[in-house]
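# Report on the structure
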Amino acid sequence: MTSSGMTGKLCGDCTMCCKIMAIEQLGKPAHAWCPHCQPRRGCTIYRDRPAECAAFSCLWLMNDLLDHDWKPSKARFVLTTSDDGIEVRCDPGYPDAWRRAPYEAEIREWARSGEEHDVTVIVISNRGVVLITPEHDFDLGEVGPDERIVRELEGTRVVDARVVKIDTAAKA
Ligand code: SF4
Ligand code: SF4
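Let me sum up the structure you'll find in this document.

Reading the values: rules and limits
Residues numbered from 1 in each chain as written. Chains lettered and ligands numbered in written order. Predicted model: local features only at pLDDT ≥ 70, side-chain atom pairs only at ≥ 80, totals over all residues. Heavy atoms only, no water. Helix = DSSP H or I, 4+ residues; strand = E, 2+ residues; numbered from the N terminus. Buried < 20%, exposed > 50% of the residue type's maximum accessible area, 1.4 Å probe, protein only. Contact = heavy atoms within 4.5 Å. Core = buried A, V, L, I, M, F, W, Y, C linked by side-chain atoms within 4.5 Å. Near = heavy atom within 4 Å. Nonpolar A, V, L, I, M, F, W, Y, C, P; charged D, E, K, R; others polar.

## Here we look at the side chain of Thr120
Within the secondary structure, Thr120 sits in strand 5 (residues 120-125). Look at Thr120 and you get buried, because its relative accessible area is 15%. Not counting residues within four places of it along the chain, the set of residues in contact with Thr120 comprises Asp84, Gly85, Ile86, Leu131 and Arg151.

Laid out in C-alpha cells, this is it:
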C-alpha cells in the first residue's frame, strides 16, 4: 500500500497487504484481494486510495533487520504490530508459511523475548488466531473486535491463553 519505507526498501512487486489486510473504508474483508489491486503490479487508484492504505507500512518495510527472505511476497505473510505485540498475518493459501525456515525459529525467538517484555506474538490466518510461545501454540479460533486474548502466566512464562469479551476482560 506504500511505495517505500524509511529503510529505503521498496514494495516493488509486492501487493500482499492489499489481499491480507481488511480495509474498513472500502468494506474489504481480510484475506480477499482488493478490487482495486492488480496483484504484483500495484494499486489502480493509488492517488485516490483510502487514507488507511496510504498510512499503512508493514513491518518488513519499516525494519532494517528483516532481510529479503521476510518480504511478504516471498514469505507469504505480512508482519504488523499492535499495542500488544507482533502479528504474523498469513496469506490464506499459505496458513503454515511461517513454520518454514528461517521463519519459525525467529518468530519463536520473538515470543521468547516477548515473554520477558510483556509482548505477544500471534499468527492470524483464515483458520483463526494462534498465540505463539517459545514451546507451544495456543489455537484461539476467531477473535472478534469485541474480544481480547488473556494470557495465564507463571512468572513471565505463558502457560495458557483464552479469548474473553472486552467487558469481561476489564473486570478480570
Ligand atoms: S505487504 Fe509490505 S512490502 Fe508488501 S505491498 Fe504491503 S507494505 Fe509493501
Ligand atoms: S485501495 Fe489500493 S492500496 Fe488500498 S487495498 Fe486496494 S489496491 Fe491496495
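## Quick look at the nonpolar core
Considering soluble globular proteins, one finds that nonpolar side chains tend to be buried as a cluster. Counting residues in each nonpolar core, the largest one holds 35 residues, and the members touching the most others are Trp70, Phe77, Leu79, Trp98, Ile107, Trp110 and Ile132. Elements supplying a minimum of two residues to this core: helix 1 (17-20), helix 3 (59-62), strand 3 (77-81), strand 4 (85-90), helix 5 (103-117), strand 5 and strand 6 (128-132). The greatest single-element share of this core, amounting to 4 residues, is contributed by helix 5. If sequence neighbours within four positions are ignored, Ile107 has contacts with Trp70, Val88, Trp98, Val121 and Ile132. Counting residues in each nonpolar core, the second largest holds 9 residues, with Leu131, Leu140, Val158 and Ala161 among its members.

## Quick look at the site of ligand 2
In the neighbourhood of ligand 2, 11 residues make up the surrounding shell, with Cys18, Cys34, Cys37, Cys43 and Cys53 lying closest. Residue composition of the shell around ligand 2, by class: 10 nonpolar, 1 polar and no charged.

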